[in-house]
Amino acid sequence: MLRFLHISPLLIAVALLALMPVACVQVGNMHGIAQKTTLVSSPLSAQPQVSLCLSSSTGGGTQQAKVVFDGIELSDGGHWVSLLHQPLTVTAEQAATGTLLDRVQIAEGQYTRIRYRISQAIALQGNREIVLQAPLQPVEYALTKTLSLKSGDSVSLFLHWDIAASLRQSPKFTATIGASEQRIPLATELAFVSCPEINTVYIIRTDQNRICGSWGISGRPTYLKAFKKKNELYVLAADQAVIKVLELSSGRLKDQIRMPMVLKPSFMAIDQLGNNAYLLDQATDTVYRIDLASGTIAAQKRVGDSLSFAVFLDDQKRLAISVDRSQKVLLLDPSTLQLQQSLRVGGDPQGILSYNNNLYVAEGLTNSVSLHNISSGKMLRQNVGLGPSRLLSYNRTIFVSNEKGGSLSLLNPEQMTVMKEIDIGGAPGEMAASTFRNWLYVNDAEENKVSVIDLASQRLMSKINLQAKPLDIDVIQ
């Protein structure tokens, strides 16, 4: 279903003119290519994307090995298409932890077979490397299920490497590597990560901390919010000025809310019940309230210069907005968007958090977090890392992602003191917590990864490589 917001015809015409340069997409065609292995290397289009992931099947044990793939290819019955940009070395350790190997765009079609071209295989015994006899010819298998790809798809294909079976006939290496399309579990214990530059949302299993699938979402998916009880995922497709509603259990597109009045949506926040979405328009410095049930603009107001962040404060029943140029945080009525209070803050205000009826603001230019008591007007400020941008509270601790410092600051909210600094590298950004598994996930747009922090030990445990810049993240328990 496609829903349009109720606005005047004149405003629709103006907005459509502004959006015309990005309205047309050319879809490539691979059917005329000769019978040889091909690799699509053109810029991102509506062609399907395949993320190639490696895992280990049962029977791997503690055996160690590494394999050099000269090629991994899919067949549609007419020609073979490469899933690798270049030869790739993979290890049994990568298979055990689950690893994204590569991501390519390929033609639409029905793919039924996979083959591997292996140039080298090595068994590892302590510090010794034993060179095994690699298959002389490509090893070919039928896929367990036909991989059907259409325009706009972004799917994950998993290679299941049985390490023990591959080494059983040593010194001969047997390529026992099955392949299957993604099987995303029921809508529970999942993290959803938006990657705007590749029109993809990756899904991570929080019980394993590995990719379990991906969904293609056109229009540059940016900010998102999942609702387990409603079985819905709301995603802002910024380039299309559309809020897309996906079914959590399947990834099926259920609905689209088009907003031609919104010229350049830069941020989206949704209240805790999923009733209203709040959009910041970077082009007009206007905030909009979208009634998600009816798909209409319920309120709008131009509130300042250079709006950077918004959050619905559930405990205070207010909408808070960071205004960069005037260095303020505005508190609005969440229904009418009328201004109720204005707070003077430090330079480059970013993330906002309400905790015990106090407001905490990440101030990027002052490298600090400020505390504001709304009732008394009391204000405190604490230095943290370089360029703090986002705040998250968990177990009486405020986690601060320091985008320019590559660290997390752990803040005691009552005493406004830094208890610990966790060096994670890169450029930490949006955060989300799995309270059931005790993990904190931190997006890193510089390293193209999601960092995983153990909330019990407060240590960096691992990094999930997405090979693309993550923007937003949300977790369902």
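Formed by 46 residues in total, the largest nonpolar core has its most connected members in Ile-243, Leu-279, Ile-290, Ile-321 and Val-329. Sorting elements by how many residues they give to this core places strand 23 (residues 307-313) first, with six residues. Non-local contacts of Leu-279, meaning those with residues more than four positions away in its chain, are made with Leu-236, Ile-243, Met-259, Val-262, Phe-267, Met-268, Thr-286, Val-287, Tyr-288 and Ile-290. Counting 40 residues, the second largest nonpolar core, distinct from the first, contains Val-50, Ala-65, Phe-69 and Leu-84.

Bringing the sheet that holds strand 32 (residues 397-402) into the picture now. Pairing within the open sheet is antiparallel, and its four strands lie in the order 31-32-33-34. Of all strands in the sheet, those with a lone pairing partner are strand 31 (388-394) and strand 34 (417-423), marking the two edges. Averaged over all adjacent pairs, the angle separating strand axes in this sheet is 25°, with direction ignored. With six bridges joining them, strand 31 and strand 32 adopt antiparallel strand pairing. Counted as the bridge partner of Arg-390 is Ser-401 from strand 32.

Take the sheet that holds strand 12 (residues 190-195) next. Pairing in this open sheet of four strands is antiparallel, and the strands run 14-13-12-39 from one edge to the other. The two strands at the open ends of the sheet, each matched to only one other strand, are strand 14 (210-216) and strand 39 (473-476). Averaged over all neighbouring strand pairs, the angle between strand axes comes to 25°, with direction disregarded.

A few words now on the environment of Asp-305. Topologically, Asp-305 is positioned in the loop between strand 22 (296-302) and strand 23. Taking the C-alpha atoms as reference, Asp-305 lies 10.0 Å from Lys-328; in sequence the two are 23 residues apart. Ignoring anything within four residues of it in the chain, the contact list for Asp-305 reads Asp-285, Val-323, Asp-324 and Arg-325.

How each quantity is defined
For every chain, the first residue of the written sequence is number 1, and numbering continues from 1 along that sequence. Selection of residues for local features in this predicted model requires a pLDDT of at least 70, selection of side-chain atom pairs for listing and counting requires 80 or more, and totals for whole chains, interfaces and linings are taken over all residues. Only heavy atoms go into the side-chain values, all of them from the structure, while hydrogens and water stay out. Nine residue types can take part in a nonpolar core, namely buried Ala, Val, Leu, Ile, Met, Phe, Trp, Tyr and Cys, and a core is a set of them joined through side-chain atoms within 4.5 Å. Remark: exposure states derive from per-residue accessible area (1.4 Å probe, protein chains only) relative to the maximum for the residue type, with buried under 20%, exposed over 50%, and partly exposed in between. Counting from the N terminus, the helices are the DSSP runs of H or I reaching at least four residues and the strands are the DSSP runs of E reaching at least two. Contacts are assigned to residue pairs with any non-hydrogen atoms lying within 4.5 Å of each other. Two strands are counted as paired when DSSP detects at least two bridges linking them. With axes taken as lines fitted to C-alpha atoms, and helix axes fitted only over the stretch in contact, angles between N-to-C directions fall between 0 and 180 degrees.

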